[in-house]
Amino acid sequence: MTKKKHFHSINFILWLSFFVFAFFIILFTWVFQVAFLRLLFGTEAENELVGVGTGAYFRLKDEMPVAGNESRISRIVGELRAENGAVSVYIVSGSGSVLFADESSDPASDGNIAADFEEALLALDDARRGEQDAPVGVCVRLNENVVAYIAQLSYDAFSFGDGEGTYLYLSYSTEIAMHAMATMRVQLILISVLVMFLALGISAFLSMRFTKPITRLTAAAKRMAAGDFTVNFTGEYSYTEMDALAETLDYAKEEIGKSDALQKEVLANVTHDLKTPLTMIKAYASMIQEISGGDPDKRAKHTQVIIDESDRLTSLVNDILNLSKIRSGMDTLKLTSFNLSEFVHTVLERFGYLAETQGYTIERDIEDELYTEADIEKIEQVVYNLVGNAVNYTGEDKRIRVGLRRTEKGLRLTVTDTGKGIPPEEVETIWDRYYRSSETHKRPIKGTGLGLSIVKTILLKHRFDFGIESEVGKGSTFYVLFPEK
């Protein structure tokens, strides 16, 4: 079962990505503001209060419960308040009565600390009962806005006390800080709304900016797909990747254009090459039927033309099939090690009839016992086609030189003719399918125009180096480098 695909535009993906990114940034900020920052502030307040309370305890405990120290105790309480402006300092009896308070404390509120003091006192008792190590005192969070510290200064009372001991009681209000945090939350709401709108706007702008060149390239690609190879993909892009893509598409356009032109050329050439022998076969068959049927000599001559043209058709079809199979990958390589020197001699023997009947001279400069590894059947096509091409294009002296020597780069096979050479502007196209030289020639081996293209395809499949060295008026040398085994 084919899974249904869901496609979204790059604009939508970029917009969604920016939006989600902004949302998570705001979410993390809220988590830090509401939870972590509050917890951190509360912990810092408790630690600070414990430090203040411990210091106060050790300054006051030696003053208890000696009568006559009231002024000294009041002074110490005032100093503690002055040193820690956010802390209210009290000395309270066990019953909750305020014995001493700093000067900044509100007298009206001093009588209202009884409930908070009682809760703090219970916490101190629980700490002692639980055998927790609380030799000085404990810190207690009474509510969201108040943190208290309590420590017992003396088990005895002052001369004016109630006989239930005396306690150091510190109160630390976080109300101002909570108001500040509430204000920060309001500001954070406004910032969050602003950030979300900015994220939407910026993401929309960037997505359109990013996708504009892609849209342009897509439109150009559609025109190319419709057969318009005049499109131009290059342009002024702000991104290196887009420039690279445009250059690649331009290269692809040129290659596809060449392939399209080549396809039309191949179709025209194949049509012509097939049409000519078919026409001749039909014409000579009609001649045999109507004219030379009773004349053995004419009949033999005409039938020989039919046979030659049939052979030409067979050769053309075979070359086309071989080239198609090699290019499509259907015809895999069968690598074997063999004696390349003897192999080249064997292939050259097939051209011996040209020396006997047409006066051709094939000179050999072949080093003995040179071995390589390749597909022997396909290399036979390479050597035969190169020599056949040299026969077709060599000069009036009808000389061809075939060499095979060991070099630093491998075994170098060369096939040299004495023809008119290849103009520089045609060197790059010499390997194309159905390439025809501008020079006229007439040779006994009839080519199909596919020989060098087959050579190129086979050698590329083997990954062998090959090329041509040519000079106008002095002939051409085709070479192939084989690996030595």
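Owing to the predicted nature of the structure, the values given are computational and were not obtained by experimental measurement. The numbering scheme is per chain: residues are counted from 1 as the chain's sequence reads. Only residues with pLDDT of 70 or above have their local features reported here, since the model is predicted, and side-chain atom pairs are shown and tallied only from 80 upward, although totals for entire chains, interfaces and linings are computed over all residues. Here the side-chain values reflect all heavy atoms present in the structure, with hydrogen atoms and water set aside.

Q: Pulling in residues and values, what's your account of the pairing of strand E9 (residues 399–407)?
A: Of the pairings in the sheet, the one linking strand E7 (residues 361–366) to E9 comprises six bridges and is parallel in character. Note on E9: the bridge partner recorded for Ile362 is Ile400. When DSSP finds two or more bridges between a pair of strands, those strands are recorded as paired. Helix and strand assignments come from DSSP, with helices taken as H or I runs of at least 4 residues and strands as E runs of at least 2, each series counted from the N terminus. In terms of strand pairing, E9 meets strand E10 (residues 410–417) through eight bridges, oriented antiparallel. Opposite Arg406, over in E10, you have Leu411 as the bridge partner. Between the antiparallel neighbours E9 and E10 lie two residues.

Q: Please set out the sheet that holds strand E12 (residues 475–482) residue by residue, giving values where relevant.
A: One open sheet accounts for five strands, arranged E7-E9-E10-E12-E11; its pairing is mixed. If you trace the sheet from one side to the other, it starts and ends with E7 and strand E11 (465–471), each paired once. The average undirected angle you get between the axes of adjacent strands in this sheet is 15°. Every axis in this analysis is a line fitted to C-alpha atoms, fitted for helices over the stretch in contact. Angles between the N-to-C directions lie between 0 and 180 degrees.

Q: Before we move on, can you summarise unusual backbone geometry with the specific residues and values?
A: Even without being glycine, Glu369 reaches a positive phi, approximately 55°. Position of Glu369 among the secondary structure elements: in the loop between E7 and strand E8 (371–375). Each residue is placed in one exposure class: buried if its accessible area under a 1.4 Å probe, protein chains only, is under 20% of its type's maximum, exposed if it is over 50%, and partly exposed if it falls in between. Judged by its relative accessible area of 46%, Glu369 is partly exposed. In this model, Lys398 sits at a positive phi of 55°, which is unusual for a non-glycine residue. Counting through the fold element by element, Lys398 comes out in the loop between helix H10 (376–393) and E9.

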